[in-house]
2 protein chains.
Amino acid sequence: MAGIDEVARATGVSTATVSRALRGLPNVSDKTRARVRRAADELGYVASSSASGLASGRTLAMGVVVPSVSRWFYTSVLEGVDAELRSASYDMILFNLGGHRGDRERVFHRTILRKRTDALLAMCLDFTADERHQLASTGHPTIVVGGPVRGLRSVGIDERGTARRATEHLIALGHRDIAHLGGEDEEGLNRQVPIGRMHGFQDALRDAGIPVRREWIIPGGFSLPLSRAAMNTLLDRPGPRPTAVFAGSDEMAMGAILAAYDHGLRVPDDLSVIGIDNHDFAESFGLTTMAQDPFEQGAVAARILLDELNGGEPRARSLKMPVTLIERASTAPPRRD
Amino acid sequence: MAGIDEVARATGVSTATVSRALRGLPNVSDKTRARVRRAADELGYVASSSASGLASGRTLAMGVVVPSVSRWFYTSVLEGVDAELRSASYDMILFNLGGHRGDRERVFHRTILRKRTDALLAMCLDFTADERHQLASTGHPTIVVGGPVRGLRSVGIDERGTARRATEHLIALGHRDIAHLGGEDEEGLNRQVPIGRMHGFQDALRDAGIPVRREWIIPGGFSLPLSRAAMNTLLDRPGPRPTAVFAGSDEMAMGAILAAYDHGLRVPDDLSVIGIDNHDFAESFGLTTMAQDPFEQGAVAARILLDELNGGEPRARSLKMPVTLIERASTAPPRRD
DNA sequence: TTGAAAGCGTTACCAC
DNA sequence: GTGGTAACGCTTTCAA
């Protein structure tokens, strides 16, 4: 409740000095600073963010745009971003698109673009040319996590290469009949991610001289239930079954494992399954996976933004973060029939 | 970039009128309003939140405090809150405690309490007397979701009654050897939730004349991996095994199911499992559960806050939301030996 | 229905 | 090292 002038009065200095003292600026004697700090604490004074934002032009808040808050990847990134923001005393304004296509307009055209945030971090969104133009016009530092976006730098992984390595792992084990549970993400999300993963899958098959069967590339919507259903449908079909599945995410891989159980198949004996992510549940499922670290991706991206806000040199380059194969119990050589 | 005076100049009216027109206040002619709107759109004008916040005393932002962002319940509530805020054009400032005990101080004493938000919604936190005092001193409307807190109204479910009903379901099926996977949540979170659920479990046993075995009440930390490990440990013990498990959350229930598989037990033939939540994965796991709706809880809580911000009457009463039993394939009568 | 002008609570610049 | 004082860009009250 107390304003800056009450602190000034209590301390016997000017509001200018109070402001400098509290923000740790130079040109304040240690003695004065201590007195001011004490008075501020006693009065419970906290600077109004509106007032300081108006006067300084900095809000000390970062906007974070997420497509949804209920997917492992997004929440992991969010935790990483949050950790960085916290240590910089920045607040996070969360813009959740939550499947509401129409709200992108609001977010872009209004709230985000101006005034409430100093920078913007977006997850897995595919921006239109117009949106990118608007972003640029704000002059705020901007970055994307999880999937390259034309015209914007990003932090992510090598989608195609990772998918390729996952598939190669299956091929190295001796599999030739391999299905792919793919993303087919919703509109407005970054389609480069599922597409890149599918291309990597195909790359590996082609290099190994294995023909790609289109009917074994099925959509799992990045979701466990959908993947389980899709996989069940595939296993229901007459004719030969795959001996292995490369799922574009661990959640989809878990769906595949459950579908295998639904059909009385054992993993990995009857069906090998590999995913991407190293989801919190991956170990419990015994899932072999290409592990990425979204927490770190978020932290790195946030740090880049914060550095620039503190006068650091802007770095235009996108970052590819490392991915490592973790072998667990869901992959093995195919059974000899 | 454009300021309000540029819009005023372009329209030939005063800034006061522009402000009124754009905010939909009365006492502006339709013609003027239309002209102002058009000019604002053309110039890409958006009011600065800092400036309007300073002038009006309202930030049009709500603070949301979460213990973490990577648990199903929290993210579901978050989505519900978000949906409500969005339709009211409110922004969300997310304060993630993320296990950082020390940050509570920062959150409470500084950032949240004043100036940046108009209201505060907290999830599953147990507030100290001092924290509650500080909250009250802001004069901001406050509410808690997920677990009753002394001195604060909340939106949640009847923890004890729900647990009791879950346990009674097992008893009605004929089970008498029932274990409980409990919460034992971290410090600072609301312990009333896991404690209430354990009490409900014991209530049901006592009413049925079944003695409570303390060694069958084991901690699952609200997490799948921890629950799986705990359940495996229990199943490893010599002596009689439970024929059913009441898990305090679906995630823990899934851990129990996986542990059953680890031991070559079939669900529900050898072990019945019931949870609480109706987690996104519950159906895929065929999990019988006491379904709650955290999305709705979040939405309801947010709506209460927003109503009060719009001059509505404050309602002090806490709300208990409905819970329904969903029977799936994880529960059945115990096998006759 | 509209306009003029006084704040709102800081920060930043310039003197001292 | 410190203080005075314009901004900052709106909203709100009071007059017209």
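Because the structure is predicted, anything quoted here is derived from the model rather than measured.

Colleague: Help me understand the domain arrangement of chain A, please; the structure alone is not making it clear to me.
Modeller: Interface size is often expressed as the accessible area that is lost when the parts come together. Its domain assignment divides chain A into domain 1 (4-56), domain 2 (61-157 + 294-320) and domain 3 (159-291). Placing a centre on the C-alpha atoms of domain 1 of chain A and another on those of domain 2 of chain A gives a separation of 32 Å.

Colleague: Looking at this structure, how should I read the interface of chain B and chain A?
Modeller: In this complex, chain B contributes 53 residues to the contact, which on the side of chain A involves 53 residues. Where chain B abuts chain A, roughly 4,700 Å² becomes buried across the two surfaces, and 50% of that area is made up of carbon and sulfur atoms. The three residues of chain B that bury the most area against chain A are Arg86(B), Lys115(B) and Arg116(B), which together make up 15% of that side's buried surface. For the interface between chain B and chain A, the tally reads two salt bridges. Ionic pairing is found between Asp91(A) and Arg116(B), a salt bridge with its closest N-O pair at 2.6 Å. Looking at the side of chain B that touches chain A, the elements with two or more residues in it are helix H4 (49-56), helix H5 (72-87), strand E2 (91-96), helix H6 (103-112), helix H7 (129-138), helix H10 (224-236) and helix H11 (250-262) of chain B. Examining the composition of the side of chain B that touches chain A, we find that six residues originate from one element, E2(B), more than from any other. Taken together, the residues of the side of chain B that touches chain A break down into 21 nonpolar, 17 polar and 15 charged. Note that strand E2 (residues 91-96) of chain A and E2(B) share three bridges and pair antiparallel.

Colleague: Mind showing me how you'd approach the sheet that holds strand E6 (residues 178-182) of chain A here?
Modeller: Consider a sheet: its strands pair through backbone hydrogen bonds, and that pairing is either parallel or antiparallel. Residues and elements named next belong to chain A. Spatial strand order, E7-E6-E8-E9-E10-E12: six strands in an open sheet with mixed pairing. Taken across any chain shown, the strands that pair with only one partner, and hence form the sheet edges, are strand E7 (217-219) and strand E12 (324-326). With direction set aside, neighbouring strand axes in the sheet form an average angle of 20 degrees. Relative to E7, E6 is paired through three bridges, and the arrangement is parallel. By the bridge assignment for E7, Gly182 is matched with Pro219. In the packing of helix H9 (residues 192-207) onto the sheet, the strands contacted are E6, E7, strand E8 (244-247) and strand E9 (272-277), and the crossing angle to E6 comes to about 170 degrees.

The rules behind these values
Residues numbered from 1 in each chain as written. Chains lettered and ligands numbered in written order. Predicted model: local features only at pLDDT ≥ 70, side-chain atom pairs only at ≥ 80, totals over all residues. Heavy atoms only, no water. Domains from an automatic or database assignment. Contact = heavy atoms within 4.5 Å. Buried area = accessible area lost by both parts, 1.4 Å probe. Salt bridge = Lys/Arg side-chain N within 4 Å of Asp/Glu carboxyl O. Helix = DSSP H or I, 4+ residues; strand = E, 2+ residues; numbered from the N terminus. Nonpolar A, V, L, I, M, F, W, Y, C, P; charged D, E, K, R; others polar. Pairing = 2+ DSSP bridges. Axes fitted to C-alpha atoms, helices over the stretch in contact; angles between N-to-C directions.

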